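Chains, contacts and geometry: an overview
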Amino acid sequence: MVRHRSSSSSRWRILHPSYYLKRPRRLALLAIAFVCATFLVWDRQTLAREHEAEISKLIEENAQLENQLRDLIKYAEESGKKNSFPKKQEEIVQRRTSYNDAVNMERQIKVKEAMLHAWTSYEKYAWGYDELQPQSRSGVNNFGGLGASIIDSLDTLYIMGLDEQFQKAKEWVTNSLDFNKDVDASVFETTIRVVGGLLSAYDLSGDIIFLQRARQIGDRLLPAWNTPSGIPYNTINLAHGNAHNPGWTGGASILADSGTEQVEFIALSQRTGDPKYQEKVENVIKKLHAIFPDDGLLPIYINPHSGNAETYSKITFGAMGDSFYEYLLKVWIQGNKTDAVKPYREMWEKSMEGLKNLIRKSKPSSFTYITERSGSALIDKMDELACFAPGMLALGAYHDESEKGLMYLSLAKELARTCYNFYNSTQTKLAGENYIFNEGEDMVVGTSWNIMRPETVESLMYLWRITGDETYREWGWDIFQAFEKQSRIDSGYVGLRDVNSGEKDDMMQSFFLAETLKYFYLLFSPPSVIPLDQWVFNTEAHPLKITTRLDSMQMLGNHQFGQQAQEVKIDQRLRGERFESFNRIKSNILERGKHRERILGRKEGHS
């Protein structure tokens, strides 16, 4: 006990000052150690301060460089000079320091939740119907009873990773989808929604059932092209194949309806190896090319018997004209820009020259807008539907590094500003169906409803991906929040009967799930998700894989083999035989997951 106390006292004596006064050498060593420690701490603090100052300086220099870059881009656009700025979307976006992953991932999650709310509402109240009436909590068939909302949603569900919902939709397509309907259906709407939706689901998932179903409905639509000119009738009975045009067109075919099946039917031929689909729709373009005017602008009515344009009808980039011009560009992209599709690009560029003659600016705010033309007179009216044009022009610029491409991009930016203000100028912050531009006033709502159209969001997505400018994401977020505030109800999403009063309608359009929410999701996703140099979107926002284009002889050579391979796979599916062991099934599930990641181009860390 005594020894322990003595040892403890001996250890603590080094803390007493008298210990060092009796031992000067140890005092000197202590002093030196203290000075060294003080110097070390001071040095580290100095380095930290210098490091912070250096970081601040670099941030300031980076901001100055960004401002200089914006000034250079603006100067290049105004002067028309060609620059060497990178055109690949990934390179542009990666160079911007303002990219905020956390914010945009959070927004992406909000959009995904909106899709889940819309889908589960449809699933609960309108399953199997074309569309949901949210306020009535019932379904309605506006497109022949083909389950348009299910097929329109397939690729959106897949891209967003809503696997359980996608599988349920696939089961419905496999077991319940019936095309033998004694109804008159729109050839255009059925093509862009059903054929396009099924082909996109096939390209994304690799599941053969979607290609088989696309072929079945494609065969039922083909008789519409059996006209003297090859210009298709726009309505067909799905059960009997009787085709005609609606009476309100005076027997004429509509330009947008007849010129907006090319992307889908070319893809159908390329995937099945059967050239008949491609031949039908490309013959239409040959006929239109023969009557193509010098300014590249066609009236909205085409005679299906003579193949001539009805010159009494108006010219517009809005309803009944819009997607014809869109598809001239997209077929060129879909065909890998080869010589076989070069005429499409040439026709599109001629149309863009004509578009410039329809451009006017408002006063006093100088909003750029697209007029309509009736005869030689310009009408100062622009549809929200025409807000696809900024995205189309930007896409044309992305694939064109010439000075002409700079002009397309500059016009795209100006029109996007106008389209955003279609939304921002109303009480509800949602756009009307169209706008009138009167002398001395910028824009006035014409038709006042909003049915949750996607065109403006589509253009914002293209412009963000191609320019890397975060402004377009911020505009998109404003619009998304307005939809959440004005259109969301407990049983889905509804449009507005009046964008000023906010009165709600009773319809959730299938394109809200197919297009509007998908474009929102892609706007807040990295550009590696459905990259623009690997996919082309049809006019219903269904992405189709850009593949090597086969000519007719190549397709005919592969046709019989492709049919046999598909029949074998379908037979196995329909018989329900169990050919695989548990481990094989598990392996297939893992492989499907890897396939999906490759298709979407996703990177680790992104939802």
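Predicted model, so just to flag it, every value in this text is computed and none were measured.

**Some remarks on the overall build of the protein chain**
Check the secondary structure of the protein chain and you find 21 helices and 18 strands. Burial analysis of the protein chain (607 residues in total) assigns 52% to the buried set. Residue pairs in contact within the protein chain that sit at least 24 positions apart in sequence constitute 70% of those at least 6 positions apart. Approximately 27800 Å² of the protein chain is accessible, and the part contributed by carbon and sulfur atoms is 52%.

**So, empty space enclosed by the protein**
Overall, the coordinates contain 5 cavities of 30 Å³ or more when judged by the stated rule. Size it by volume and the largest cavity reaches roughly 60 Å³. Along its surface, the largest cavity is lined by I266, Q270, R271, Q334, G335, K545, T547, T548 and R549. No other element matches the 3 residues that helix α11 (residues 262-272) contributes to the lining of the largest cavity. The class makeup of the residues in the lining of the largest cavity is 1 nonpolar, 5 polar and 3 charged.

**Let's talk about helix α13 (residues 322-334)**
An α-helix turns once per 3.6 residues; consequently, residues spaced three or four apart project the same way. End to end, α13 covers 19 Å across 13 residues, agreeing with the expected 18 Å (1.5 Å per residue, within 8%). For α13, the tally of buried residues reaches 13 of 13 residues, placing the bulk of the element in the interior.

**Things to note about unusual backbone geometry**
The omega torsion across K363 and P364 is 10 degrees, close enough to zero to call that bond cis. With respect to the helices, strands and loops of the structure, P364 is situated in the loop between β8 (359-361) and β9 (368-370). Its identity as a non-glycine residue notwithstanding, S366 has a phi of 60 degrees, on the positive side. With respect to the element layout, S366 can be found in the loop between β8 and β9. Take S366: its relative accessible area is 34%, and that puts it in the partly exposed class. Its identity as a non-glycine residue notwithstanding, I530 has a phi of 55 degrees, on the positive side. Here I530 is to be found in the loop between α19 (510-523) and β17 (535-537). A residue is classified by how much of its surface remains accessible, and I530, at 0% relative accessible area, is buried.

**Quick word on the sheet that holds strand β13 (residues 434-436)**
Taken in spatial order, the 3 strands make up an open sheet running β12-β13-β14, and their pairing is antiparallel. One side of each edge strand has no neighbouring strand; the edge strands of this open sheet are β12 (381-383) and β14 (444-445). In this structure, β12 lies alongside β13, joined through 3 bridges in antiparallel fashion. Within the sheet, the bridge partner assigned to D383 lies in β13 and is N434.

**As for the confidence of the model for the protein chain**
Confidence in the prediction for the protein chain averages 86 pLDDT; 77% of positions are at 70 or higher. Below pLDDT 50 for its whole length, residues 95-99 participates in 14 contacts with residues either more than four positions away or in separate chains. In this model, residues 565-586 is a region of pLDDT below 50 whose contacts with residues beyond four sequence positions or in other chains number 18 contacts.

**Here's the deal with the packing of aromatic side chains**
Tallying each qualifying case throughout the model produces 24 aromatic pairs. On the basis of an interplanar angle of 75 degrees and a centroid distance of 5.3 Å, the ring pair of F480 and F520 is categorised as edge-to-face. Taken together, the residues F480 in helix α18 (residues 471-486) and F520 in helix α19 connect sequence positions 40 residues apart. In this structure, F480 and F520 share a single accessibility class: buried. Three or more aromatic residues link up through ring pairs in this structure, and these residues are W477, F480, F483, Y493, F512, F520 and F524. Sitting over the face of the ring of W127, K168 holds its NZ or CZ atom 4.8 Å from the ring centroid.

Parameters and conventions
- Residues numbered from 1 in each chain as written.
- Predicted model: local features only at pLDDT ≥ 70, side-chain atom pairs only at ≥ 80, totals over all residues.
- Heavy atoms only, no water.
- Helix = DSSP H or I, 4+ residues; strand = E, 2+ residues; numbered from the N terminus.
- Buried < 20%, exposed > 50% of the residue type's maximum accessible area, 1.4 Å probe, protein only.
- Contact = heavy atoms within 4.5 Å.
- Areas by Shrake-Rupley, 256 points an atom, 1.4 Å probe, with all protein chains shown as cover.
- 1 Å grid on protein atoms, 1.4 Å probe; cavity = no way out; pocket = protein on both sides within 12 Å on 5 of 7 lines; lining within 4 Å.
- Points joined across faces, edges and corners; volume = space filled by probe spheres on them.
- Nonpolar A, V, L, I, M, F, W, Y, C, P; charged D, E, K, R; others polar.
- Expected span 1.5 Å × (residues − 1).
- Pairing = 2+ DSSP bridges.
- pLDDT = per-residue confidence, 0-100.
- Phe/Tyr/Trp six-rings, centres within 6.5 Å; stacked < 30°, edge-to-face > 60°.
- Lys NZ or Arg CZ within 6 Å of the ring centre and 35° of its normal.

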